[in-house]
Amino acid sequence: MMDVKKCRITHYPSPVLGEKAKPVEKIDENIALLAEKMIEIMVDTKGVGLAGPQAGVGLRIFVASPDGSRESAKVYINPEISPSGSTEVGQEGCLSLPGIYGNITRCKKCTIKATGLDGKEFAEEAEGLKARIFQHEYDHLEGTLVADRLSTVARISARKKLKKLRQQHVEQND
Ligand code: NI
């Protein structure tokens, strides 16, 4: 089991970001600690969502707080999402891809079903920013990054920044 104290933000191209995360089998104290740590990382880095792989843990869990506050932060374990309705384009960034922003097409609405830290299943309807956050974080659990969803033109302009992130990754892991 992971050592939650060692969890920190992972950046592209950490392998865990490109892998499909595994279901959380049991909601125990360690998962509660992980969720707490993920909320801390999200709030400290001024994000509105953070998925397990972004904390270096390949488990199907994410936290979200549409207004970025600790008070609004909520935990979603083993989430299933059903995007619906028409799509819209909006700018997205990602804590794991510093400096990269792109216009990403998402469904305006989605329904999410997940389990909370109390072990109870719940469902939420979301639209606008919240629906976008859910779709972005769910992507992380599938190993998909915004860089994978950029248009061809945006991908070309992000190429240098992606290369720089890959170089930093090599340096940090040497
Ligand atoms: Ni992200």
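Residues numbered from 1 in each chain as written. Predicted model: local features only at pLDDT ≥ 70, side-chain atom pairs only at ≥ 80, totals over all residues. Heavy atoms only, no water.

Notes on the overall build of the protein
Within the protein one finds four helices and five strands. Along the protein, helices (α) and strands (β) appear in the sequence α-β-β-β-β-β-α-α-α when read from the amino end. Taken over the C-alpha trace, the protein has a radius of gyration of 16 Å; the compact-globule value for 174 residues is 16 Å, and the two agree within 12%. Expressed as a percentage of its 174 residues, the buried residues of the protein come to 46%. For the protein, the proportion of contacts with a sequence separation of at least 24, taken over those separated by at least 6, is 66%. When the accessible surface of the protein is split by element, carbon and sulfur atoms take 49% of a total near 9600 Å². For the protein, the centre of its 26 positive side-chain charges and the centre of its 24 negative side-chain charges are spaced 7 Å apart. (Helix = DSSP H or I, 4+ residues; strand = E, 2+ residues; numbered from the N terminus. Rg over C-alpha atoms; globule rule 2.2 N^0.38 Å. Buried < 20%, exposed > 50% of the residue type's maximum accessible area, 1.4 Å probe, protein only. Contact = heavy atoms within 4.5 Å. Areas by Shrake-Rupley, 256 points an atom, 1.4 Å probe, with all protein chains shown as cover. Lys, Arg positive; Asp, Glu negative; His and termini not counted. Charge placed at Lys NZ, Arg CZ, Asp CG, Glu CD.)

Quick notes on the sheet that holds strand β2 (residues 61-64)
Pairing is antiparallel across the open sheet formed by five strands, whose spatial order is β1-β2-β3-β4-β5. Single-partner strands in this sheet number two, and they are β1 (49-51) and β5 (121-127). For this sheet, the mean angle separating the axes of adjacent strands, direction not counted, is 35°. Bridging between β1 and β2 involves three bridges; their strand directions are antiparallel. Bridging across to β2, L50 finds its partner in V63. The strands touched by helix α1 (residues 29-44) within the sheet are β1, β2 and β3 (74-93), with β2 carrying the most contacts at an inclination of about 40°. (Pairing = 2+ DSSP bridges. Axes fitted to C-alpha atoms, helices over the stretch in contact; angles between N-to-C directions.)

Here we look at helix α4 (residues 152-172)
The end-to-end C-alpha separation of α4 is 29 Å, in line with the 30 Å expected for 21 residues at 1.5 Å each. Maximum bend of α4: about 45°, positioned at A158. Where α4 is buried, its residues touch α3 (146-149). (Expected span 1.5 Å × (residues − 1). Bend = angle between axes of the 7 residues up to and from the residue.)

Things to note about helix α2 (residues 129-141)
The end-to-end C-alpha distance of α2, which contains 13 residues, comes to 19 Å, matching closely the 18 Å that a straight helix rising 1.5 Å per residue would cover. Within the span of α2, buried status applies to A131, R132, I133, F134, Q135, H136, E137, Y138, D139, H140 and L141. Those residues of α2 that are buried lie in contact with β1, β2, β3, β4 (101-115), β5 and α3. One or two residues past the end of α2 sits G143, with phi positive at roughly 85°.

Quick word on the state of the cysteines
Applying the stated criterion to the full structure yields zero disulfides. Just so you know, C110 is unpaired, no disulfide at all, and the nearest cysteine sulfur is the one on C107, 8.2 Å from it. (Disulfide = S-S within 2.5 Å.)

Looking at the pairing of β4
If a strand is regular, its side chains alternate between the two faces of the sheet. Pairing of β3 with β4, which is carried by 13 bridges, proceeds in the antiparallel orientation. The residue of β4 that forms the bridge with E80 is K113. Both β4 and β5 contribute to a ladder of seven bridges, which runs antiparallel. Across the sheet, K109 pairs through a bridge with E127, a residue of β5. Linking β4 to β5, which pair antiparallel, is a turn of five residues; within it G119 sits at a positive phi near 85°.

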